[in-house]
Amino acid sequence: MKVTILGVRGSIPTDGPEFCEYGGATSCILVEADGRAIYLDAGSGLLRAPNTGEAEVSILLTHSHMDHILGLPFSPVLLSDKTLDLYLKKREGLSAKDQLERLMAPPLWPVGVEQYPSEVLFHDLELPMQLGRVQVTGMESNHPGGSTIYRLDLEGRSLVYATDYEHTEEKQSELSEFARDTDLLLYDAQYTEEEYARMKGFGHSTVAEGMKVLKQSGAKRIVFVHHDPRHSDAKLREMENALTDHRASFAKAGDVFEL
Ligand SMILES: [Zn+2]
Ligand SMILES: [Zn+2]
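Residues numbered from 1 in each chain as written. Chains lettered and ligands numbered in written order. Predicted model: local features only at pLDDT ≥ 70, side-chain atom pairs only at ≥ 80, totals over all residues. Heavy atoms only, no water.

Asks: Whenever I open this one, the sheet that holds strand β5 (residues 83-88) confuses me. Can you help?
Replies: Two modes of strand pairing occur in sheets, parallel and antiparallel, and in both the strands are linked by backbone hydrogen bonds. Spatially, β6-β5-β4-β3-β2-β1-β14 is the arrangement adopted by the seven strands of the open sheet, whose pairing is mixed. Each edge of the open sheet is held by one strand with a lone partner, namely β6 (119-124) and β14 (256-258). Each strand of the sheet is rotated relative to its neighbour by a mean of 20°, with strand direction disregarded. Sheet analysis places β5 next to β6, joined by six bridges and oriented parallel. Bridge pairing in β6 links Leu84 to Val120. Against the sheet, helix α1 (residues 96-103) makes contact with β5 and β6, and its axis sits at roughly 125° relative to β6, the strand it touches most. (Pairing = 2+ DSSP bridges. Helix = DSSP H or I, 4+ residues; strand = E, 2+ residues; numbered from the N terminus. Axes fitted to C-alpha atoms, helices over the stretch in contact; angles between N-to-C directions. Contact = heavy atoms within 4.5 Å.)

Asks: Can you walk me through the side chain of Ser27 in this structure?
Replies: Tracing the chain through its elements places Ser27 in the loop between β1 (2-7) and β2 (28-33). You can call Ser27 buried: its relative accessible area is 3%. Apart from the residues within four sequence positions on either side, Ser27 is in contact with Gly7, Val8, Arg9, Leu40, Asp41, Ala42, Gly43, Asp67, His68, Tyr161 and His226. (Buried < 20%, exposed > 50% of the residue type's maximum accessible area, 1.4 Å probe, protein only.)

Asks: I would appreciate a short explanation of unusual backbone geometry in the present structure.
Replies: Omega for the peptide link from Pro106 to Pro107 comes to 5°, which places this bond in the cis form. Locating Pro107 in the fold gives a position in the loop between α1 and β6. Each neighbour pair has its own omega, and for Leu127 with Pro128 the value is 0°, a cis peptide bond. Summarising the element assignment, Pro128 is placed in the loop between β6 and β7 (129-131). For Asp34, which is not glycine, the phi torsion reads 55° and is therefore positive. Among the structural elements, Asp34 can be located in the loop between β2 and β3 (36-40). Residue Asp34 is classed as partly exposed on the basis of its relative accessible area, which comes to 26%. Phi angles above zero are rare outside glycine, and Glu92 is one such case at about 50°. Topologically, Glu92 is positioned in the loop between β5 and α1. Judged by relative accessible area, which is 72%, Glu92 ranks as exposed.

Asks: Is there a simple way to explain the pairing of strand β9 (residues 148-154) in this structure?
Replies: Consecutive side chains of a regular strand alternate in pointing toward one face of the sheet and then the other. Counting buried residues along β9, six of its seven residues qualify, which places the element largely inside the surrounding structure. Of the pairings in the sheet, the one linking strand β8 (residues 134-140) to β9 comprises six bridges and is antiparallel in character. The partner of Gln135 across the bridge, within β9, is Asp153. Summarising the sheet, β9 and strand β10 (residues 157-162) pair through five bridges and their orientation is antiparallel. When the bridges of β10 are listed, Leu152 appears paired with Leu159.

Below you can see the structure in the form of structure tokens.
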């Protein structure tokens, strides 16, 4: 399994020299496994989607908050002649298609999904499921409006993508169980402890809470994602330098993990 970080900024894209190192594009992770290209989220990082040749393309969305879907309208995957499967849980009575058409339809966007060269097959997410030999499981996050935490398993290798997640005692135990012995845990650490004290209920977590899950789950590695748009490279470097466990790091756009 090859995991490429295409975008890790949370909430809204950032731009400027002070964001170059960690990257300003929003959530998008590419997992290449079993001859497939599986995108986790479709934030503006999706604009950097590489040519994956003949690989079957799927997009697994955690939820339809704007930062997780705004790469779709201009993404190379929609502008290709491919067929792609898009999965998103039905929420507030809206199907996956209904949710995406909130963004990709007039007046917010001039053309609908069906006018793109690609063929998008919408699926209301139901887990567990298989993408070829890749087993996809999920748990419900704690996030305003809801969000899905994914786990992908293939031949004894796995990753867990826990973004847009706010810790509670109960959810921490559930997530630790869900991420049991995973090779790579991508974890939402948008806030510093100080910020979190002011931002409770906004649906994001911290490094310290992520480290608890790392310990309790037996995960081999934790990589922090969903960087706050107000955190410059200098701030993120400071947060990363404060980590004392070699199994922990902050994601940068372009990072690649071979599992
Ligand atoms: Zn988000
Ligand atoms: Zn969100």
